[in-house]
Amino acid sequence: MDEKSVRYSKCGEITTKRSGKKSTFQTSTTENGPPLRRSPRLNEKAKPSQAVVAAKKNAKMRQVSKKVPDIVIKDIYQTAREAKDMVRKQTGIIYDRHMTEHKCIWDPNYPECPERFTRVLERCEALGLISRCLFLEAREATENEILMQHSVEQVKILKATSECRDEEFLEELSSRYDAIYFHPRTYKLSLLSAGSAIELTDAVCMGKVQNGMAVVRPPGHHAMKSEYCGYCFFNNVALAATHALTHCGVSRILIVDWDVHHGQATQQMFYCDPRVVYFSLHRFEHGSFWPNLRESDFHYVGEGAGLGYNFNVPLNNVGMTDADYLAVFHQVLLPMASEFQPELILVSAGYDAAIGCPEGEMEVTPACYAHLLNSLLCLAGGKVAVILEGGYCLQSLAEGAALTLRALLGDPCPLLPSQGRPCEGIRDAILNVIYTHQDFWQCYQFQDKYSPRTVGNLPNKKFPGQEEHHMPVVKFLGSGDKPERFATRNCYPVQSHEFVNAVTARLDHLIANTKLTFAPHRVCLVYDERMMKHKNTADPSHPEKPERISAIFSKHEEYGLLKRCHMLKARSVSQEELLLLHTQEHINLMQETACMKLQELAKKQDDFRSVYLHPGSYQAACLAAGSVLQVVDSVLNGESRSGVAIVRPPGHHAEEDEPCGFCMFNNVSLAAKYAIQVHGLKRILLLDWDVHHGNGSQHMFESDPRVLYLSIHRYDNGSFFPGSKDANYSVVGTGKGEGYNVNIPWNKSGMSDAEYLTAFYQVVLPISYQFSPELVLVSSGFDACIGDPLGGCKVSPEAYGHLTHLLTALAGGRVILSLEGGYNVTSISHAMPMCTKALLGDPLPSLAPHHVACPSAVTSIKNVIRTQARYWSAVCFQVALPQERVVHTEPLEDKLQVVLNVSGGHQGENDEGALITLHHKEETDRDIKVPPSAEQNFEVMSADLWHTLNESLSKFSLDEGQVDPICSDRNTSPMVPSSDSSPVSSSIDIESQMWPKSSSSNFKELSAVDVPFDETEESSVFTLPHTCSISFSDEGYRSEEQYDVTTFHEGTVVPLTVITEHDGMSAADSDGKSSSDRIGEGQQGQSGSTSEDTNETSSQIPHEQTLVNYLSENMQMLLAGEMFAVVPLRSCPHLVQVQPVPECGIDCNSSCAECGSVQENWVCLVCYTVHCGRYISEHMMLHGHGMSHPLTLSFSDLSVWCYACEAYIDNQILYAAKNALHRKKFGEDMPWSYGDADPTFPV
């Protein structure tokens, strides 16, 4: 081996040039010469240290045991591929004509009558709908199926009426329930109704049918677990949902209840279940409309694991129209459903909101129900089951139900007239729902935030720039009074003959003018391979290549779509047709290209922007434009319902007088002009979802109000092609066309399904329904599809199918798609067939759940809404909402509940008292009427009531021997704790100040504001501190007792809040102020309280008393809602902000730093400034939020409130501040109640 054949490596190894492999020789280097080669055998005796060996061994073991994470490579086209076999099946229908046998035998005019059933079937048969459905055999539900949601006792009671002929007995039994009548056949027919709903749901889930309708009665959504109610005996929809959850492998169900009455029973059954979203749109009128329940209001959003999964949209006005119902779907339901992505949709389909219904008094047209249902059919893989509920105007019921079935069959939705502005009532309802659900659903992010301190407390005050703000308010005008017996005759609204005749004439007119005929061909399709002659010979890799259309056409063939479409023959556009849009000079120029040589064309194309020319370009462009016109003719002449044009070159960049951006003639714009000039249309929606702004299309119609141009495109602040400021949201059209140009510009890449669907819900659909187009033309560019080299977005192929389906509700289903851009051949060949499948009515694959629009997209859409709100009143929901929590969500209040409550909030009482049902672990059905005034009824208590209360106390797990007696050392100072002295402003607080003052001054209040929480492994224990304050007030004198107590197990009466069915204010708030306000006034000398009064009251309280005895003696006040306890949080993440008490201490006589008030003041525990509470001027709340100082201490009762946690807090960290205030008020240290070790009191 010579010198050139060897090179020396830096690591002392030798590598030969010939082999390139390292030799087995090691080298060492001398000081003055080349390295010496040494055989490795010379080092055999040298051994590494044991530590090194062990380290290497451990490292190797770690390497072996180390789990390599699975790398999932997702096929972005897999869902679209699987959709190939998703072809629509038949629509199922289920009913049994024996259901007419259920009727009221003592009142033939009862609205829930057999004619409801027969009229629906007759109308469906008249329209030829039933014969097109797959008939499912009705069956009775089994007892086990019924018991999944109903009690054994309720089944037994109903079963006992079977074949009973004693009319007097049946009527008497009916009088025990609200709006119920029994018939000898009711039991069997209720089983049949429930079984039919279950059977239909099972058929849908198992794929036997695509979707279906159950025409059944009696209805079901008011039937509770242990009570019949509102014409309902068994809850058909709830039982069907339960069956799907337990037997069909379904884990996400959306129940949509559009009956005008709230389906309170369905809500109750799934209130804690996150697998079921219950969405109800119902008349409420602040609780004055049946069923008159608080739980029907918007702030009842679910409980426990189901928190956020219950939606109530309460309608507080009559006369709601199609525009109002559509707004609820666009703004609330569809965004949530897209985020939730249900696997099954059940519709409680009541038609008592339809025109003419005496119970609903709404103005919804029968045709509107088809639109509501159509918007749901693209969800859940098309698995939708509609189950009949109410509806008592027979004509509108029959028409609404028939049009619903027609929509299930895939027929086009009837054309609705232009929709006006949603009413103020629906706007408030929608904003209230969004406000209470925005913490649970990310889709609700289009309302700005405001703090009440910015605009004051007046609702709907204007911001600078005319932006509105909304203050959610809870208002209840219903009565909790439940009669012992309910009326069984003449207990329903009756319409005059004149009114009935007017409604009949109106419905006759609507029905006669509702076009229900449709073209024989569902979809027409045009394609011609001659359009592939347009190509870039100089650059074969150019993205606009011939394979774009051939791949799309081949995929249509592979999916079996071509044989299901009406194939049209392509044609060339004529000169006269081109002149409808383009100048003669432009036409001549393009025509000349057919005779030019390639060299001339290469030079010519440099005169234009992003255009290449070929001798075959002109022919291809004429075929593309003419083919789109061919589709327009087929659709508008009644041959086809919708159409697809697989054409190239694209067109939407082409201007009137020049080509641009791969486009020569503007195909879709020409189609719009052609439809106006030749077919006489007056309103055309031109929707452009190509990722590039259609500058040519916009310019063609910017002054023409007959064409609404709406573009969703990437803008990137003007830097994305075509790079014109004309693509921004601020460009709205000119002249008569002002407002008819809507740009939705994205300012970043990566937009996906969520952003596009959100744009549809927030902008496209509301504006389009208000515009009411006669034809929808879509510039269908697919360069926003995932994988596109130019678009940089991530829209899935299947999402384009969803967008297409949403458009089919418009223009009577006359929707035409014409190919524009899209330069990933694989992406576009999957995306466009998904659109065709949507037009064919195939079920669409579900999109990924929990995806929401990104902040950049939200900002863009909000800018669009702000701009377009001047022209389109349908987009009127961008109203600022409070950033503070002004309305608290509620548990169900159908029963008296012993619950943890840190806010101390209470509902009020009305003049008639409250209805309360005790709730324990065992179920009780005893309803107790509680008189409102303890002053008048303090001695009144029935034996049943007393027995129930004693039974309640026996469950408190409270041993009197474990409770220390009341301390004999009494403090007679005027400091009285108040559990309702939170400085937080709430809607209930605002509302309570509007109520008249109560004449009753009696109240008693138990306050345990210093209750820490201790949890052990065996049970949860609530540990009360040694000092538990109880305050009294009666006829102007007050006293305070301090109780020495120990521990109470979970479920005892302390801590508790008594929730009662009252009307708007608590007993403590009956005069518009909290107890702390009144006490504060007493402290300031504004009350008649004297020391003698206090001592007199104190002397009347026994020295030896346990909490059980105390509660037993004052149970009347407990039930009246006049005594309650608040449990503070034991810890809080904001306690670290608490600062040491100043050396000067805390002066409880300090006035508010802003207004000088001394009535209800608090001290900030961060900066120790003093400010007034919520019932004065809310300065502490404003200070807390403005300075981010969350913790504040009350001068009144020494409670500590955290604004950030929205809760009372009690922790030993707070002791120093509380003790400083205690010493100032009473001249002594506050007892230590946080453990064995006493603190070192500050000097």
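Residues numbered from 1 in each chain as written. Predicted model: local features only at pLDDT ≥ 70, side-chain atom pairs only at ≥ 80, totals over all residues. Heavy atoms only, no water.

Looking up the chain in an unreviewed UniProt entry gives the name Protein deacetylase HDAC6, with the organism given as Cryptotermes secundus. Recorded under Sequence similarities (unreviewed entry), the UniProt text for the chain is reproduced unchanged: "Belongs to the histone deacetylase family. HD type 2 subfamily." Check the Pathway (unreviewed entry) section of the UniProt entry for the chain; it says "Protein modification; protein ubiquitination." (UniProt positions renumbered as here; feature names shortened; annotations may be inferred.)

K.L.:
Would you explain the overall build of the chain in this entry?
P.N.:
Helices and strands together make up the secondary structure of the chain, namely 35 helices and 35 strands. When the 1243 residues of the chain are sorted by exposure, 60% land in the buried category. Summarising the internal contacts of the chain: among those between residues at least 6 apart in sequence, 77% fall at separations of at least 24. Carbon together with sulfur atoms contributes 50% to the accessible area of the chain, which is approximately 48600 Å² in total. (Helix = DSSP H or I, 4+ residues; strand = E, 2+ residues; numbered from the N terminus. Buried < 20%, exposed > 50% of the residue type's maximum accessible area, 1.4 Å probe, protein only. Contact = heavy atoms within 4.5 Å. Areas by Shrake-Rupley, 256 points an atom, 1.4 Å probe, with all protein chains shown as cover.)

K.L.:
Would you mind going over helix α34 (residues 1179-1187) with me for this structure?
P.N.:
Residues that lie three or four places apart on an α-helix share one face, since the helix turns once every 3.6 residues. Of the positions making up α34, those classed as buried are His1179, Met1180, Met1181, His1183 and Gly1184. Considering only its buried residues, α34 is in contact with β31 (1161-1164), β32 (1170-1172) and β33 (1191-1194). Of the residues trailing α34, Ser1188 is marked for its positive phi of about 55 degrees.

K.L.:
Just to check I follow, could you spell out a negative patch on the surface for this structure?
P.N.:
On the surface, Glu585, Glu656, Asp657 and Glu658 cluster together to form a negatively charged patch. Note that Asp657 resides in the loop between β16 (640-645) and α21 (667-677). Of the residues examined, Asp657 reaches a relative accessible area of 48% and is grouped as partly exposed. (Patch = residues over 30% accessible without salt bridge, like charges linked within 9 Å, V, L, I, M, F, W, Y side chains within 5 Å. Salt bridge = Lys/Arg side-chain N within 4 Å of Asp/Glu carboxyl O. Lys, Arg positive; Asp, Glu negative; His and termini not counted. Charge placed at Lys NZ, Arg CZ, Asp CG, Glu CD.)

K.L.:
What is the right way to look at the nonpolar core in this model?
P.N.:
Most often, soluble globular proteins keep nonpolar side chains buried together rather than apart. Within the largest apolar cluster, 244 residues are counted, with the highest numbers of intra-cluster contacts made by Met336 and Trp689. Per-domain counts for this core show at least three residues from each of domain 1 (91-452) and domain 2 (521-882). Once residues within four sequence positions are removed from consideration, Met336 is found in contact with Leu254, Val277, Phe279, Phe311, Trp441, Cys443 and Tyr444. In terms of nonpolar packing, the next biggest core, distinct from the first, is built from 31 residues, Ile146, Val155, Tyr177 and Phe182 among them. (Core = buried A, V, L, I, M, F, W, Y, C linked by side-chain atoms within 4.5 Å. Domains from an automatic or database assignment.)

K.L.:
Any chance you could explain the packing of aromatic side chains here in plain terms?
P.N.:
What characterises a pair of aromatic rings is the spacing of the ring centres plus the angle enclosed by the ring planes. If you walk through the whole model with that rule in mind, you get 34 aromatic pairs. On the numbers, 5.6 Å between centres and 70 degrees between planes, the contact of Tyr110 with Tyr231 is edge-to-face. Highlighted residues: Tyr110 in the loop between β5 (91-94) and α3 (114-126) and Tyr231 in the loop between β7 (211-214) and α8 (236-247), separated in sequence by 121 residues. There is no split in this pair, since Tyr110 and Tyr231 are both buried. Arranged with centres 6.1 Å apart and planes meeting at 70 degrees, the rings of Tyr740 and Phe771 form a pair that is edge-to-face. (Phe/Tyr/Trp six-rings, centres within 6.5 Å; stacked < 30°, edge-to-face > 60°.)

K.L.:
Explain the sheet that holds strand β9 (residues 276-283) here, please?
P.N.:
The strands that make up a sheet are held in pairs by hydrogen bonds between backbone atoms, and each pair lies either parallel or antiparallel. Pairing within the open sheet is parallel, and its eight strands lie in the order β6-β5-β7-β12-β11-β8-β9-β10. Because the sheet does not close on itself, it has two edges, and the strands there are β6 (134-136) and β10 (310-315). The mean inter-strand angle of the sheet, taken between neighbouring strand axes irrespective of direction, is 15 degrees. For β5 and β6, the ladder comprises three bridges, and the chain directions are parallel. Residue pairing for β6: Ile93 is matched across the bridge by Phe135. Those strands touched by helix α10 (residues 322-340) are β8 (253-257), β9 and β10, and its axis lies near 175 degrees from that of β9. (Pairing = 2+ DSSP bridges. Axes fitted to C-alpha atoms, helices over the stretch in contact; angles between N-to-C directions.)

K.L.:
I would appreciate a short explanation of the sheet that holds strand β19 (residues 741-746) in the present structure.
P.N.:
Reading across from one edge, β15-β14-β16-β21-β20-β17-β18-β19 is the order of the eight strands in this open sheet, with parallel pairing throughout. The two strands at the open ends of the sheet, each matched to only one other strand, are β15 (566-568) and β19. Strand-to-strand, the axes of this sheet are offset by a mean angle of 15 degrees, without reference to chain direction. Judged from the five bridges that link them, strand β17 (residues 684-688) and strand β20 (residues 775-780) form a sheet pairing that is parallel. Note on β20: the bridge partner recorded for Asp688 is Ser779. Here helix α25 (residues 825-839) sits on the sheet in contact with β14 (521-526), β16 and β21 (815-819), set at roughly 175 degrees to β16.

K.L.:
Help me understand the environment of Cys622, please; the structure alone is not making it clear to me.
P.N.:
Looking at where Cys622 falls in the secondary structure, it is placed in helix α20 (residues 617-636). When the C-alpha positions of Cys622 and Arg571 are compared, they lie 8.0 Å apart, and in sequence the two are 51 residues distant. For Cys622, the residues in contact, after removing those within four places along its chain, are Arg571, Ser572, Val573 and Phe665.

K.L.:
For this particular structure, what's the right way to read the pattern of salt bridges?
P.N.:
A side chain of one charge can pair with a side chain of the opposite charge if their charged atoms are brought near each other. Scanning all chains against the criterion turns up 39 salt bridges. Among the salt bridges present, the one from Glu363 reaches Arg506, with a minimum N-O distance of 2.5 Å. Of the two residues, Glu363 sits in the loop between β11 (344-349) and α11 (366-374) while Arg506 sits in helix α15 (residues 497-512), which places them 143 residues apart along the sequence. Of the charged contacts, one joins Arg571 and Glu577 as a salt bridge, the two residues approaching to 3.1 Å between their closest N and O atoms. Residue classification places Glu577 among the buried residues on the basis of a relative accessible area of 13%. Three or more residues are tied together by salt bridges with common partners; here these are Glu101, Glu163, Arg165 and Arg185.

K.L.:
For this particular structure, what's the right way to read the confidence of the model for the chain?
P.N.:
When pLDDT is low, close inspection of the predicted coordinates is not appropriate. Averaged over all residues, the pLDDT of the chain equals 80, while 74% of them reach at least 70. For residues 1-46, every residue scores under 50 in pLDDT, and the model assigns this stretch 42 contacts once sequence neighbours within four places are set aside. Contacts from residues 894-1103, a stretch scored under 50 in pLDDT, to residues over four places away or in other chains number 506 contacts. (pLDDT = per-residue confidence, 0-100.)

K.L.:
I keep staring at the packing of α11 against helix α12 (residues 394-408) and nothing clicks. Help me out?
P.N.:
For any two helices packed against each other, the geometry comes down to the angle between their axes and how far apart the axes lie. Where α11 contacts α12, the axes come no closer than 8 Å and their chain directions differ by 30 degrees. Comparing the axis directions of α11 and α12 gives the class roughly parallel. Of the two possible hands of crossing, α11 and α12 adopt the one that is right-handed. Mapping the contact onto sequence places Pro366, Ala367, Tyr369, Ala370 and Leu373 in α11 and Ser396, Glu399, Gly400, Leu403, Thr404, Ala407 and Leu408 in α12. (Parallel < 35°, antiparallel > 145°, perpendicular 65-115°, else oblique. Left-handed = near helix turned anticlockwise from the far one by under 90°.)

K.L.:
Is there a simple way to think about the packing of helix α16 (residues 547-558) against α25 in this case?
P.N.:
Between α16 and α25, the shortest axis-to-axis distance is 8 Å and the interhelical angle comes to 45 degrees. In terms of orientation, α16 and α25 fall into the oblique class. Of the two elements, α16 crosses α25, and the hand of that crossing is right-handed. On α25, the residues that touch Glu547, Arg548, Ala551, Ile552, Lys555 and His556 of α16 are Val825, Ile828, Ser829, His830, Met832, Pro833 and Thr836.

K.L.:
Any chance you could explain the state of the cysteines here in plain terms?
P.N.:
In protein chemistry, a disulfide is the covalent bond that joins the sulfur atoms of two cysteines. Taken as a whole, this structure holds zero disulfides when the rule is applied. In this model Cys565 remains outside any disulfide bridge; the closest cysteine sulfur is found in Cys524, 8.3 Å from its own. (Disulfide = S-S within 2.5 Å.)

K.L.:
So what exactly am I meant to see when it comes to helix α18 (residues 584-592) here?
P.N.:
Buried within α18 are the following residues: His586, Ile587, Leu589 and Met590. Along the long axis of α18, the arc covered by the buried residues comes to 160 degrees, so they all point the same way. Looking at the buried residues of α18, the elements they touch are α17 (575-578), α19 (598-604) and α20. (Arc of directions from axis to C-beta.)

K.L.:
Got a minute to help me understand the environment of Ala353 in this structure?
P.N.:
In this structure, Ala353 sits in the loop between β11 and α11. As a C-alpha pair, Ala353 and Val318 span 35 residues in sequence and 9.3 Å in three-dimensional space. Beyond its immediate chain neighbours, meaning those up to four positions away, Ala353 contacts Val260, Tyr325, Met362, Glu363, Val364 and Tyr369.

K.L.:
What is the right way to read the pairing of β9 from this model?
P.N.:
Looking along a regular strand, one sees side chains alternate from face to face of the sheet. When you tally the buried positions in β9, you get eight out of eight residues, the bulk of the element. Here β9 shows two buried faces, one formed by Val276, Tyr278, Ser280 and His282 and the other by Val277, Phe279, Leu281 and Arg283. When β8 meets β9, the two strands line up parallel, connected through five bridges. Considered in β9, the bridge of Ile253 is made with Val276. The parallel pair β8 and β9, bridged by helix α9 (residues 264-269), forms a crossover whose chirality is right-handed. Relative to β10, β9 runs parallel, the two being bridged by six bridges. Bridge assignment links Leu281 to a residue of β10, and that residue is Val313. (Right-handed = clockwise from strand over helix to strand, strands pointing away.)

K.L.:
Could you clarify how one ought to interpret unusual backbone geometry in this entry?
P.N.:
Only a minority of non-glycine residues have a phi that is not negative, and only a minority of peptide bonds are not trans. Residue Pro218 is reached from Arg217 by a cis peptide bond, and omega for that bond is 5 degrees. Structurally, Pro218 is set in the loop between β7 and α8. Of note, the bond from Phe721 into Pro722 is cis; its omega dihedral lies within 30 degrees of zero at 10 degrees. We note that Asn292 has phi near 60 degrees; this positive angle belongs to a residue other than glycine. Note on placement: Asn292 falls in the loop between β9 and β10. Its relative accessible area of 25% is what places Asn292 among the partly exposed residues. The backbone of Gln341 shows a phi angle near 50 degrees, a positive value even though the residue is not glycine. As for its placement among the helices and strands, Gln341 is situated in the loop between α10 and β11.

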